[in-house]
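What follows is each chain in one-letter form.
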Amino acid sequence: MLPPHKIQELHRIFSKLDKNGDGLRAFKVFDLDGDGFISCEELQIALSRLGLWDEHCSGQDCKDMIGMFDTNSDGFVDFEEFKDMVLNDLSIY
Ligand SMILES: [Ca+2]
Ligand SMILES: [Ca+2]
């Protein structure tokens, strides 16, 4: 689980990336291979690039993060799930 100040940073980055508000541009930053799903690895790589991933975070942490948004529990975050994550107020986490 990311600490709250990093969640806020993430939210700030989303709103910067996502100027027209549909979440698609932000989604593409995370969906590195363009298959329409964000995997645990992609999430970790994208967060590292954004400077939001701590090296001491384990693989379990990115699974936990996926789990926060993975409403259909398939182990990936799809665009619909991602949109919920971007548009909702992340401070509740
Ligand atoms: Ca992908
Ligand atoms: Ca899912």
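Before reading further, recall that the structure is shown in the block above.
On a predicted model such as this, the values are computed, not experimentally measured, just so you know.

Reading the values: the criteria
- Residues numbered from 1 in each chain as written.
- Chains lettered and ligands numbered in written order.
- Predicted model: local features only at pLDDT ≥ 70, side-chain atom pairs only at ≥ 80, totals over all residues.
- Helix = DSSP H or I, 4+ residues; strand = E, 2+ residues; numbered from the N terminus.
- Buried ≥ 20, exposed ≤ 12 C-beta atoms within 10 Å, placed from the backbone.
- Contact = placed C-beta atoms within 7 Å.
- Core = buried A, V, L, I, M, F, W, Y, C linked by C-beta atoms within 7 Å.

(A) How the structure looks around the overall build of the chain. Looking only at helices and strands, the chain features five helices and two strands. Secondary structure elements of the chain occur, N-terminal to C-terminal, as α-α-β-α-α-β-α. Of all 93 residues assigned to the chain, the portion counted as buried reaches 20%. Summarising the internal contacts of the chain: among those between residues at least 6 apart in sequence, 45% fall at separations of at least 24.

(B) Representation of the nonpolar core in the model. I38, L43, I66, V77 and F82 are the most contacted members of the largest nonpolar core, which totals 14 residues. Leaving out residues up to four positions away in the same chain, I38 has contacts with F30, D31, L43, F76, V77 and F82.

(C) The arrangement of unusual backbone geometry in detail. The backbone of S73 shows a phi angle near 55 degrees, a positive value even though the residue is not glycine. Of note, S73 is situated in the loop between α4 (59–69) and β2 (77–78). Classification of S73 by C-beta neighbours within 10 Å gives exposed; the count is 8.

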